[in-house]
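# Report on the structure
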Amino acid sequence: MECNMRKATILFLSLLLLVGCSDNGNTNEEEYITQARESLDNGDLPVAQINLKNALKENPNSSEARLMLGYLYLDVGNAPSAEKELRRASELGEADEAVIPSLARALLQQNKFQQVLELDTDAGFSNEAAAELLASRGLAYLMLGERDNAQRELDDALQKNPNSVYALVERARLSVSQRNFDEARPYLDKAFEINPDYEYAWSLLGNLNLFEGDIEAAIKAYTEAINKSKNANRDLMQRAMLFIQQKQYEQAQQDINQLKKSIARHPKVNLLQGLVHLRQEKIIEAQESFEQVLRINPDDMQAIYYLGVTQFISGNIEQANANLSRFVFTYPNASGARKLLALISLKQQDFEASEQLIRPLVNGEQDDVDALNILAESLLLQGRVDEMMPIVEKATTVKPDSVAAKTLMGAGMLLQGEQEAGADSLESAIEIDPQFQQADVLLILSHLQSKSYDKAQQSAEAFVEKQPDKALPHNLLGKTFLEKGSEEQAVAAFEKARQLEPGDPFATSNLAILALRKNDADKARKLFNEALEHHPGHLRTMLLLAALDEKEGNNAASKAVLQQAIELYPNTVTPRVLLARQYLLEGKTEQVFATLNEVIRAQHSNNPVVLGILGQAELASRAFEKAKITYQHLVSLQPDSPQAHFQLAKAYAGLNNSDGVKKELYKTLELAPRDLNANIALTRVWLLEGDLDRAKEQLASLKALAPNSSLVHAFEGEIYSKSGEVDKALAAYQALYAAEPNTRNLLRLTQTQW
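Residues numbered from 1 in each chain as written. Predicted model: local features only at pLDDT ≥ 70, side-chain atom pairs only at ≥ 80, totals over all residues. Heavy atoms only, no water.

## Here we look at the overall build of the chain
The cut-off we apply is this: Elements are defined by DSSP. Helices are runs of H or I of four residues or more, strands are runs of E of two residues or more, and each kind is numbered from the N terminus. Values of the radius of gyration come from C-alpha atoms, whereas the globule rule sets the reference at 2.2 Å times the count of residues to the power 0.38. When a residue's accessible area, from a 1.4 Å probe over protein chains only, is under 20% of the maximum for its type it is buried; when over 50% it is exposed; and in between it is partly exposed. When checking whether two residues touch, look at their non-hydrogen atoms; a contact exists if any pair is within 4.5 Å. Accessible areas in this description were obtained via Shrake-Rupley with a 1.4 Å probe; residue shielding takes into account the shown protein chains only. None of His or the chain ends enter the tally, which takes Lys and Arg as positive and Asp and Glu as negative. Taken as the charge centre is NZ of Lys, CZ of Arg, CG of Asp or CD of Glu, depending on the residue.
Helices and strands together make up the secondary structure of the chain, namely 45 helices and zero strands. In terms of C-alpha radius of gyration, the chain reaches 39 Å, well past the compact-globule figure of 27 Å for 754 residues. By its C-alpha atoms, the chain is 135 × 65 × 50 Å across when sized along the principal axes. Within the chain, the fraction of its 754 residues that count as buried is 49%. At a minimum sequence separation of 6, the contacts of the chain that also span at least 24 residues come to 48%. Summed over all atoms, the accessible surface of the chain reaches about 36,400 Å², with 48% contributed by carbon and sulfur. Positive and negative side-chain charges of the chain, numbering 78 and 104 respectively, have mean locations separated by a distance of 5 Å.

## A closer look at the layout of surface pockets
Here is the rule: As defined here, a cavity is a set of points on a 1 Å grid over the protein atoms alone where a 1.4 Å probe fits but cannot get out. A pocket is an open set with protein on both sides within 12 Å along at least five of seven lines, and residues line them when an atom is within 4 Å of a point. Grid points are joined across faces, edges and corners, and a volume is the space filled by probe spheres set on the points. Polar here means any residue outside two lists: the nonpolar Ala, Val, Leu, Ile, Met, Phe, Trp, Tyr, Cys and Pro, and the charged Asp, Glu, Lys and Arg; Gly therefore counts as polar.
In this structure, the second largest pocket encloses a volume near 960 Å³. Along the wall of the second largest pocket there are 30 residues; nearest its centre are Leu 108, Gln 109, Asn 111, Tyr 200 and Arg 234. Secondary structure elements with two or more residues in the lining of the second largest pocket: α4 (63-76), α6 (96-109), α8 (127-143), α10 (165-177), α12 (199-211) and α14 (233-245). For the lining of the second largest pocket, the element with the most residues is α14, which contributes five residues. In terms of residue class, the lining of the second largest pocket is built from 12 nonpolar, 10 polar and eight charged.

## Brief notes about the pattern of salt bridges
Side-chain pairs of opposite charge can arise whenever the charged atoms involved come near each other. Put simply, the rule reads: The rule for a salt bridge is simple: a side-chain nitrogen of Lys or Arg has to be within 4 Å of a carboxyl oxygen of Asp or Glu.
In this structure the tally under the stated criterion is 41 salt bridges. Here Lys 484 makes a salt bridge to Asp 454, at a shortest N to O gap of 3.7 Å. One end of the pair, Lys 484, is in helix α28 (residues 471-484); the other, Asp 454, is in helix α27 (residues 453-466), with 30 residues separating them in the sequence. Residue Asp 454 is classed as exposed on the basis of its relative accessible area of 59%. With a closest N to O distance of 2.6 Å, Arg 498 and Glu 530 form a salt bridge. One end of the pair, Arg 498, is in helix α29 (residues 487-500); the other, Glu 530, is in helix α31 (residues 521-534), with 32 residues separating them in the sequence. Look at Glu 530 and you get buried, because its relative accessible area is 16%. Residues participating in the shared-partner salt-bridge network are Glu 355, Arg 359, Arg 384 and Glu 387.

## As for the environment of Leu 324
For Leu 324, the location among the structural elements is in helix α19 (residues 317-330). Judged by its relative accessible area of 0%, Leu 324 falls in the buried class. A C-alpha to C-alpha distance of 73 Å links Leu 324 and Gln 751, two positions 427 residues apart in sequence. Those residues in contact with Leu 324 that sit more than four places away from it in its chain are Tyr 305, Gly 308, Val 309, Ala 337, Leu 340, Leu 341 and Ile 344.

## A closer look at α19
Keep this limit in mind: For a helix, the expected span equals 1.5 Å multiplied by the number of residues minus one.
For α19, with 14 residues, the first-to-last C-alpha span of 20 Å sits near the 20 Å given by 1.5 Å per residue. Those residues of α19 that sit buried are Ile 317, Ala 320, Asn 321, Asn 323, Leu 324, Phe 327 and Val 328. Taken together, the buried residues of α19 touch α18 (301-313) and α20 (335-347).

## So, the packing of helix α37 (residues 608-620) against helix α38 (residues 624-637)
The line we're drawing: Lines are fitted to the C-alpha atoms to define the axes, a helix being fitted only along its stretch in contact, and any angle between axes, read from their N-to-C directions, falls within 0 to 180 degrees. Roughly parallel here means an angle under 35 degrees, roughly antiparallel means over 145, roughly perpendicular means 65 to 115, and every remaining angle is called oblique. Crossing handedness follows the turn of the near helix against the far one: under a right angle anticlockwise gives a left-handed crossing, and clockwise gives a right-handed one.
Contact geometry for α37 and α38: axes closest at 8 Å, N-to-C directions at 155°. Here α38 runs roughly antiparallel to α37, going by the angle between their axes. Every pair of crossing elements has a handedness; the one defined by α37 and α38 is left-handed. Residues Pro 608, Leu 611, Gly 612, Leu 614, Gly 615, Gln 616, Glu 618 and Leu 619 of α37 form the contact with α38, whose participating residues are Phe 624, Lys 626, Ala 627, Thr 630, Tyr 631, His 633, Leu 634 and Leu 637. Per-class residue counts for the contact of α37 with α38 are nine nonpolar, five polar and two charged.

## What to know about the nonpolar core
As a reminder, the rule being used: Only buried Ala, Val, Leu, Ile, Met, Phe, Trp, Tyr and Cys residues count toward a nonpolar core, and they belong to the same one when joined by side-chain atoms within 4.5 Å.
Among the nonpolar cores identified, the biggest contains 66 residues, and Ile 244, Leu 272, Leu 324, Ala 337, Ile 344, Ile 358 and Met 388 are the most heavily contacted of them. Apart from residues lying up to four places away in sequence, Ile 244 is in contact with Tyr 249, Ala 252, Leu 272, Leu 275, Val 276 and Arg 279. Counting 51 residues, the second largest nonpolar core, distinct from the first, contains Tyr 71, Ala 131, Ala 135 and Leu 142.

## Here we look at the packing of α38 against helix α39 (residues 642-654)
Relative to each other, α38 and α39 sit at 155°, their axes nearing to 8 Å. If you check the angle between α38 and α39, you find them roughly antiparallel. For α38 against α39, the interelement crossing comes out left-handed. Together, Phe 624, Ala 627, Lys 628, Tyr 631, Gln 632, Leu 634 and Val 635 of α38 and Ala 644, His 645, Gln 647, Leu 648, Ala 651, Tyr 652 and Gly 654 of α39 make up the contact between the two elements. Partitioning the contact of α38 with α39 into residue classes produces nine nonpolar, four polar and one charged.

## Let's talk about the packing of aromatic side chains
For any two aromatic rings, the description comes down to two numbers: the centre-to-centre distance and the angle of the planes. Definition in use: Stacked, tilted and edge-to-face are the three classes assigned to paired rings of Phe, Tyr and Trp, where Trp is represented by its six-membered ring and a pair needs centres within 6.5 Å; plane angles under 30 degrees give stacked, over 60 edge-to-face, the rest tilted. Definition used: whenever NZ (Lys) or CZ (Arg) falls within 6 Å of the ring centre and also within 35 degrees of the ring normal, the charge is taken to sit over that ring.
Per the counting criterion, the structure on display carries nine aromatic pairs. Judged by centre distance (5.7 Å) and plane angle (20°), the rings of Phe 290 and Tyr 306 are stacked. A residue pair is termed long-range when its members are at least 10 positions apart, and Phe 290 in helix α17 (residues 283-296) and Tyr 306 in helix α18 qualify at 16 residues. Aromatic side chains Tyr 666 and Trp 686 sit 6.5 Å apart centroid to centroid with 50° between the ring planes, which places their arrangement in the tilted category. Separated by 20 residues along the polypeptide, Tyr 666 in helix α40 (residues 658-671) and Trp 686 in helix α41 (residues 676-689) bring together distant segments of the chain. Judged by relative accessible area, Tyr 666 falls into the partly exposed class, the value being 42%. By the ring-pair criterion, three or more aromatic residues cluster together here, those being Phe 290, Tyr 305, Tyr 306, Phe 327 and Tyr 331. The side chain of Arg 105 reaches across the aromatic face of Tyr 166, ending 3.9 Å from its centre. Over the aromatic face of Phe 211 sits the side chain of Arg 179, whose NZ or CZ is 5.1 Å from the ring centroid.

As structure tokens, this is what we get:
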């Protein structure tokens, strides 16, 4: 409500009190109200509040005190209390014109937009009161997204009272919401002419300046709003955020400190505090601030995002992954969160997931060098160098001095066999930024790939000299020695890395593998557990430990580790594939389907390993139609895979589709003529169909592949028995009985003889 109108109403009520007061003896009530009025005139709102509450102690049914207290609560931003007092004042007989316009404002502040629209508008108000109520209705419609209705109500308000500052400002707000900034300014200018101290006009001007990109002007406008406001919290928050964006952290902290005096537990205040800490690299303090936000509002997505950022920086990768994944699920186009998640996937060696996360950014933001480099690295680590090179070239075009792009370019050249050019590109990256360790890493690996072990050792030793207190250089030196065959020196380098960073996963896993070469499984297990103690949830270590358990026959322990990995990395396919494979070997097909659930199948619908295991489980559970669809898709992905065609033939066999079986077996043998299983299967087909001539042709292939196979002898005996060539059948069954002297083969032999 506009302050002038409120003062007029209060003055009118006070005159009524003076003229018409009864002799009921409520002098204390009157004195309190008079003192409250004086305090309001002096701007002393806390004292006014105390006096009005004292008046209500004297007379709880004082409609005037209730009304004045409602106005006061509205001015200081306590909308729920304002609503309560205004409704009580109305019940006690205050006029609708004095109550309803202010009640509408109180409801607006509580986002009770529909209730605003339900207020009585046919009460015969003055133009001033009607204009205020219409303006509130317009704002309610705007908040509900009904802009046409909002414009109608606001235009009606200005027809009722062209000088209503409230209506002018809300009409400007409507124009700002429509991005019509030129239309908004005249409304604001007129509002300032009428009342240059109207805080909401200054606040909206700050928003308008911000939308237009003039941050300095926005800060000045918010400052005016703060100076003129009885409740400046909203504008303090806005200004603090702009100070943070401008890297004016001291000024931002001053605003935050002021906010803490009145609303210390407000989530936005803690969010702002966390951002200041984060920008000042106070990671622990920032994390605590964001966690405080989430204690009050667990669904605050900004806090979830920034908490994920702090966890990523501090190395809490699993927690960062969980929070950032939640943020991206809600805001799938959030580039910052996607890039961090893609980097996390790279760290977890889930290169396919990294590619899936970053692809939308590259497709949508061609000039995002960071996204281009992340995509290039994910493709590189999948071995898809030909796809990677154009992306790196794009990155270097956009940013010629990009060290990451030069590094990836060098790696790509190396993998394409351009050793000299690749090494030059990596050395160029090192010259631009000697501290960019990825270039050193790839240079060393490139020398190892080309088996230039002396150069690799020289580069690794130079890397150690640059970063002697880091585990990575020592690990690479250890890897170099390992590939040179200098196992003792390799162990020394890995132990040094382990000493510098206890539980370093690369060092411990290599030491564990060396221990396993010597059949020292206990030492290997201790090393894996050491890594997991210092790096809980490290995926590669968990997979190695699961493999060790399975190798030792402890399938239950192996599956438990894999299940834990799945819980930590629900969208990562490798632990699911390994667990599903174990269930498949145990004949537990339902567990296979549960492990490779619908979400995983959708995310990895083109993953041949997932399709292969899924298809085998479908065959084992006699779901032949599903198996057919699975293997048809696999064949489309791997048309030159004999195994895929052979498995599809099995699915057709289950469906009694003889033509499909023969087609796929022919294709299998075209791709792999010496495939024994396919030759056996095709021989069996001809036998079942009674085509003995073709069966004999296939038998010749079988005898060439496995002349001493019992199964081949059995086929030979059956074919010649059915063709009436008894002597040949007898010779085949004699060879079969000699190889496997059992009752079944004896019966075959005797039946042929008699």
